[in-house]
Amino acid sequence: VPADTGELEQGAVETAVAALPSDTEPAPANNTAITAAPGLQDAFVNVYKRANPAVVHIFVYGEGDDFNIPLGTGSGFVIDNDGHIVTNNHVVTDGDVFEVAFASGERVKADVVGTDVDSDLAVIKVDSIPASVTPLELADSSILDVGQFVIAIGNPFGEEGSMSIGIVSG
């Protein structure tokens, strides 16, 4: 997530939590928790709109494949204007040829420039990125606290542009 994500409306999280039913109250007929916290919902939508252009879908092919059926796919994100993309090592491990699809629909070839099996991370590089892409800044994960919201944007099972939210659990 970009470091400059903006601030949530003051009290939006507290409003959302207060709107959730307790164990003794019946669940609301409409989705009160979401409608009671428009600042929180808007913040999630805004993060998605800003980050998703830099999230890529990676297609992995074997040597000599016909590029119709990939060996596998994965997600990654652009980290600089030079075309470096962070992904998982397990995404690139069995591949020989890599194609990156940007949210804009543009597709380009990529090369692996580094891998780390222990952290399951890899870096691939494309020659250029679309003008609409703003690279995502890497943040300092050591400043996260249990209970903070986190967002994952990617392409699980080929579902391009998927977003999930959760909390830091430990």
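Relevant structure appears above.
Residues numbered from 1 in each chain as written. Predicted model: local features only at pLDDT ≥ 70, side-chain atom pairs only at ≥ 80, totals over all residues. Heavy atoms only, no water.

A.B. asks: Looking at this structure, I do not really get the overall build of the protein. What am I missing?
C.D. replies: When its secondary structure is counted, the protein shows four helices and eight strands. The helix and strand sequence of the protein, counted from the amino end, reads α-α-α-β-β-β-α-β-β-β-β-β. Summarising the internal contacts of the protein: among those between residues at least 6 apart in sequence, 55% fall at separations of at least 24. Split by element, the accessible area of the protein, about 10,500 Å² in all, is 52% carbon and sulfur. (Helix = DSSP H or I, 4+ residues; strand = E, 2+ residues; numbered from the N terminus. Contact = heavy atoms within 4.5 Å. Areas by Shrake-Rupley, 256 points an atom, 1.4 Å probe, with all protein chains shown as cover.)

A.B. asks: Whenever I open this one, the side chain of His-57 confuses me. Can you help?
C.D. replies: Along the chain, the position of His-57 falls in strand E1 (residues 55-61). Of note is the side chain of His-57, whose polar atom sits 3.0 Å from the side chain of Glu-160. The contacts of His-57, once residues within four sequence positions are left out, are Thr-73, Gly-74, Glu-99, Val-100, Ala-101, Asn-155, Gly-158 and Glu-160. (Polar contact = N/O pair within 3.5 Å; in protein donor to acceptor, adjacent residues only side chain to side chain.)

A.B. asks: Teacher, can you tell me more about the packing of aromatic side chains here?
C.D. replies: The description of an aromatic ring pair rests on the distance of the ring centres and on the angle between the ring planes. Applying the stated rule across the entire model yields one aromatic pair. Judged by centre distance (5.5 Å) and plane angle (80°), the rings of Phe-44 and Phe-149 are edge-to-face. Taken together, the residues span a long stretch of sequence, with Phe-44 in helix H3 (residues 38-51) and Phe-149 in strand E7 (residues 149-154) at a distance of 105 residues. On the accessibility criterion, Phe-44 (13% relative accessible area) is buried. (Phe/Tyr/Trp six-rings, centres within 6.5 Å; stacked < 30°, edge-to-face > 60°. Buried < 20%, exposed > 50% of the residue type's maximum accessible area, 1.4 Å probe, protein only.)

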